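# An overview of the molecular structure
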Amino acid sequence: MSILLDTNFIIGLLRGSQSYWDYFEGLLEQTVPEISAVTRAEIYAGCHPSEERETESLLSCLRTVSVDAEIADMAGRYVYAFGRRGVNLHLEDAIIGATAVYHQLTLVTRNTSHFPMLSLDKNLIRFPNHQ
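First, a word on scope: everything that follows refers to the structure included in this document. No experiment lies behind these values; they were computed from the predicted model shown. (Residues numbered from 1 in each chain as written. Predicted model: local features only at pLDDT ≥ 70, side-chain atom pairs only at ≥ 80, totals over all residues. Heavy atoms only, no water.)

Time to look at the environment of Leu-59. Secondary-structure assignment places Leu-59 in helix H4 (residues 52-59). Residues Leu-59 and Arg-40 lie 19 residues apart in sequence; the distance between their C-alpha atoms is 7.9 Å. If sequence neighbours within four positions are ignored, Leu-59 has contacts with Ile-10, Ile-35, Arg-40, Ile-43 and Tyr-44. (Helix = DSSP H or I, 4+ residues; strand = E, 2+ residues; numbered from the N terminus. Contact = heavy atoms within 4.5 Å.)

Set out below in structure tokens:
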């Protein structure tokens, strides 16, 4: 199974949550988890200089998926289509969701409501597993 980690999952790791680390270590035994280039930018946008070394160490364990024209187009279409239904998508989440769909990756996130494009799909794992 190929995994795309959402920004909130990376934040959980950086905050030292044991449940996140346990899950992450299990993933590393099976695959090299991936993140969107958007997630990488979001992480650095909130990273204090004193946290950079730890952040770089974690991100070096992950493969970063670039945003290309196909993903950008798909994300823009998601924002438009869901907006017409009254669902406001953030562009960052639309790009992350489009990355998962385009590359057939399973997205691991706490915020399933941010990814309605995946709600009918098997490409979404809610973490941690609670409501």
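With that settled, the discussion passes to the environment of Arg-77. Here Arg-77 is to be found in helix H5 (residues 69-84). Spatially, the C-alpha atom of Arg-77 lies 34 Å from that of Glu-52, the residues being 25 residues apart in sequence.

We now examine the nonpolar core. Counting 18 residues, the largest nonpolar core has Tyr-78, Leu-107 and Met-117 as the members making the most contacts within it. Among the elements of the structure, H5 and helix H6 (91-102) are those that each provide at least two residues to this core. Once residues within four sequence positions are removed from consideration, Tyr-78 is found in contact with Gly-83, Leu-89, Ala-94, Gly-97, Ala-98, Val-101 and Met-117. (Core = buried A, V, L, I, M, F, W, Y, C linked by side-chain atoms within 4.5 Å. Buried < 20%, exposed > 50% of the residue type's maximum accessible area, 1.4 Å probe, protein only.)

Counting across every chain of the model gives 4 aromatic pairs. Ring centres of Phe-9 and Tyr-20 lie 5.1 Å apart, and the angle between their planes is 50°; on these two criteria the pair is classed as tilted. Of this pair, Phe-9 sits in helix H1 (residues 7-14) while Tyr-20 sits in helix H2 (residues 18-30); the two residues are 11 residues apart in sequence, bridging distant segments of the chain. Relative accessible area serves as the criterion here: at 1%, Phe-9 is assigned to the buried category. Judged by its relative accessible area of 6%, Tyr-20 falls in the buried class. Between Phe-9 and Tyr-23, the aromatic rings sit 5.9 Å apart at their centres with planes inclined by 65°, giving edge-to-face as the arrangement. Of this pair, Phe-9 sits in helix H1 while Tyr-23 sits in helix H2, placing them 14 residues apart in sequence. Directly above the ring of Phe-82 sits Arg-85, whose terminal nitrogen or CZ lies 4.6 Å from the centroid. (Phe/Tyr/Trp six-rings, centres within 6.5 Å; stacked < 30°, edge-to-face > 60°. Lys NZ or Arg CZ within 6 Å of the ring centre and 35° of its normal.)

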